[in-house]
Structure formats: structure tokens, C-alpha cells
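# Report on the structure
As a plain string of letters, each chain reads:
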Amino acid sequence: MTQLFKCTQCNEYTLEEERCPYCGGEVYNPLPAKFSPQDKYGEYRRAAKRRSRQHNV
Ligand SMILES: [Zn+2]
């Protein structure tokens, strides 16, 4: 999976995850994580709740 990083110095996007190829500055991940473990467990809990409710009927 391709991950774009952004330079903290010149604001250029790069595939380099450690250092900007243009200015040598530090890079960071500008995108928030799409999948958070908390959401995943929340979804699992909701699904389990639905299942148990059907079970009771
Ligand atoms: Zn840079």
C-alpha cells in the first residue's frame, strides 16, 4: 500500500518515510489513520449486541 508523507519543512509530498528528498527535512503522515482499533472493537461490540438481542427473541 502506498503511503504519502509530507515534509515539515517545504510541505512537499513524498513517498520517503524518513526524510524529505527535496530539502532533507523531517516528514510526517498528513492523513489520519483510516482504521482505529477502537472503532473496530466498537463495531464488534455492536454486532455482538445485535446477535444477543436476536438470541433473546
Ligand atoms: Zn522538504
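Residues numbered from 1 in each chain as written. Predicted model: local features only at pLDDT ≥ 70, side-chain atom pairs only at ≥ 80, totals over all residues. Heavy atoms only, no water.

## Section: the coordination of the zinc ion
Of the protein atoms, only Cys7 (SG), Cys10 (SG), Cys20 (SG) and Cys23 (SG) coordinate the zinc ion, at distances of 2.3 Å. Around the zinc ion sit four donor atoms; with metal-centred angles ranging over 100 to 118°, the donor geometry is tetrahedral. Every donor residue of the zinc ion comes from the same chain, spaced as C-x2-C-x9-C-x2-C. Residue class for Cys10 comes out partly exposed when judged on its relative accessible area of 30%. (Donors = N, O, S within 2.8 Å, 3.2 Å for Na, K, Ca; no water. Tetrahedral: all angles 85-135°; square planar, octahedral: opposite > 155°, others 65-115°. Buried < 20%, exposed > 50% of the residue type's maximum accessible area, 1.4 Å probe, protein only.)

## Regarding the environment of Lys6
Along the polypeptide, Lys6 turns up in strand β1 (residues 5-7). When the C-alpha positions of Lys6 and Pro30 are compared, they lie 6.1 Å apart, and in sequence the two are 24 residues distant. (Helix = DSSP H or I, 4+ residues; strand = E, 2+ residues; numbered from the N terminus.)

## Concerning the side chain of Thr14
On the secondary structure map, Thr14 appears in strand β2 (residues 13-14). Take Thr14: its relative accessible area is 6%, and that puts it in the buried class. Separated by 2.9 Å, the side chain of Thr14 and the backbone nitrogen of Glu16 make a polar contact. Here Thr14 is in contact with Gln3, Leu4, Phe5, Pro21 and Val27, once residues within four sequence places are set aside. (Polar contact = N/O pair within 3.5 Å; in protein donor to acceptor, adjacent residues only side chain to side chain. Contact = heavy atoms within 4.5 Å.)

## Side note on the confidence of the model for the protein chain
Residues at a pLDDT of 70 or more form 70% of the protein chain, whose mean pLDDT is 82. Averaged pLDDT values over the elements of the protein chain bottom out at 70 in helix α1 (residues 37-56) and peak at 96 in β2. (pLDDT = per-residue confidence, 0-100.)

## Focus: unusual backbone geometry
A positive phi angle, close to 65°, is found at Asn11, a residue other than glycine. Secondary-structure assignment places Asn11 in the loop between β1 and β2.

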